[in-house]
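Each chain, letter by letter, is given below.
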Amino acid sequence: MAKIIVVTSGKGGVGKTTSSAAIGTGLALKGHKTVIIDFDVGLRNLDLIMGCERRVVYDFVNVINKEATLSQTLIKDKRTKNLSILPASQTRDKDALTPEGVEAVLNELSEQFDYIVCDSPAGIEKGAQMALYFADVAIVVTNPEVSSVRDSDRILGILQSKSRRAEKGDSPIEEHLLLTRYNPERVSDGEMLSVEDVEEILAIPLLGVIPESEAVLKASNQGTPVILDNQAEAGLAYSDAVDRLLGEERPLRFIDVQKKGFFKRLLGG
Amino acid sequence: MSDTDFRLKGSVVTTVVLEVRCLNVEQIVQGLKEKIAQVPQFFNQAPLIVDFCACESVSYESFDQLIGRCRELGLAVMGWRAPESGIPSWRTDALLPMLPNASNRKLNIKSEESAPATDPHVVIKTVVEERDVSQPTKLITKPVRSGQQIYAPGDLIVVSQVSAGAEVLAEGNIHIYGALRGRALAGIKGDTQARIFCRSMEAELVSVAGNFMLSDALQNIIWKDTAQVLLVDDALEIVSL
């Protein structure tokens, strides 16, 4: 049985799709057969971040409606072995996702893969609820600002009350906090919430802190998951997060203000 | 017969008691009308006990007349109490349950009498009957998240935090062994003795028996510290634990 991981946040634009792509790729790099599903029906983005937009023929809704088989629809990643992408439909809306249909697709994927990463749409409505309903593990992506933290808190409540595990009374979904777009300088200036502030408010274990980085935008535009960029702090931070997800101990990096060196100061870097 | 078909339970019911001091039906009805006009929703089909404890004697005619007029005013008369001086002989004709006289009520009457009453014929009081029957305490062990609402018919204990945007309500006391960042409303059925306790006061709103205080006011009293909220003379007090 595959482990179903939902990447969710409530709020939009915090880095769910970037994180789904990075974590899915990271798991595959570690040798686990992984599929990333784009649940954002109508606003398909994952294929762009993964750089496979030109290879989309069929989509998730086609599989649910049995208009295509999974093997026809799954896109095998060209860079990373063990990694597949199930794209969302761009022409439909969230109503095309039925609980029975989603369950059938997840069950079929479960037989072939070790990890199923569900990239949730923003909001708390049907699309987001479908993405988290079958999850075993939730990665709650949060930016260090109050509205994002509030929305994450809301989605944690929904994970506890409206997931399959909650409804069946099974052990609750394993919750992880992933803090993205973290800028240590702005935290020390008091403009951003600190790691400790967010941990205190949300009271769930921290999976990782991804520093705000130009490399993320560059990677998105190039269609390369940022985790493949092992020069970028963001890429390294995602690798650490994947290791922690797999149960390894990794110290937190890139959360303190770095002192600029002499040359950097001289050159205004 | 199966045990699961029904269950006999004790229950606490809040009712309105009409204490009759002087059995002048017309004056009582006039006074009641004025009271009802002030808060019509509260009195609409409100359960009512007519208490004749303070009366010397009650004739069946005036009893019947008063009960009838109360019903016309939209009150649901559910019982009556006989005068202290003795149970009337027409008791069985009343066709209404006669309730035992609460022994501790005498004191209340005296203290009421010393205060200047606005209308000597009618005193309306809300009392909780059957005080010894307690409601079970509700226990919450996980954080109460934004958007969630918890309701407890008795006391409420939260062994975690109450997030901003969450709401906890209890008919009794509320104990929060974490930070209170959302809303907490204790004594929502009117229990003025209810209190709120928390480990860190960061609430959006606290309320006891309908008397509330918002975060702006709380920040000037106690903030991010242990606190209890209680009602003293109809005013909310926030004190450190």
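Just so you know, these numbers come straight off a predicted model, no measurement behind them.

(A) Looking closely at the pattern of salt bridges. Applying the stated criterion across every chain yields a total of 22 salt bridges over all chains. One salt bridge connects R69 of chain B with E72 of chain B, and the closest N-O pair in it is separated by 3.6 Å. One end of the pair, R69 of chain B, and the other, E72 of chain B, are both in helix α3 (residues 60-72), three residues apart, so they sit about a helical turn from each other. By sharing partners, the salt bridges in this structure join K30, D243, E248 and R250 of chain A into a single network.

(B) The confidence of the model for chain B, seen in detail. All names here are of chain B. Looking at chain B, pLDDT values average 84 and 85% of them are 70 or higher. Contacts of residues 104-117 to residues separated by more than four positions or lying in other chains number 14 contacts, the stretch itself having pLDDT below 50. Both scores are given for the predicted complex: the pTM is 0.71, the ipTM 0.83.

(C) Summary view of the packing of helix α6 (residues 126-133) of chain A against helix α7 (residues 146-162) of chain A. All names here are of chain A. Remark: α6 packs on α7, axes separated minimally by 10 Å, with the N-to-C direction vectors making an angle of 60°. Looking at the two axes, α6 sits oblique to α7. Seen along the crossing, α6 lies across α7 with a hand that is right-handed. Here Q129, L132 and Y133 of α6 lie close against α7, whose contacting residues are I155, I158, L159 and K162. Looking at the contact of α6 with α7, its residues break down into five nonpolar, one polar and one charged.

Rules behind the numbers
Residues numbered from 1 in each chain as written. Chains lettered and ligands numbered in written order. Predicted model: local features only at pLDDT ≥ 70, side-chain atom pairs only at ≥ 80, totals over all residues. Heavy atoms only, no water. Salt bridge = Lys/Arg side-chain N within 4 Å of Asp/Glu carboxyl O. Helix = DSSP H or I, 4+ residues; strand = E, 2+ residues; numbered from the N terminus. pLDDT = per-residue confidence, 0-100. Contact = heavy atoms within 4.5 Å. Axes fitted to C-alpha atoms, helices over the stretch in contact; angles between N-to-C directions. Parallel < 35°, antiparallel > 145°, perpendicular 65-115°, else oblique. Left-handed = near helix turned anticlockwise from the far one by under 90°. Nonpolar A, V, L, I, M, F, W, Y, C, P; charged D, E, K, R; others polar.

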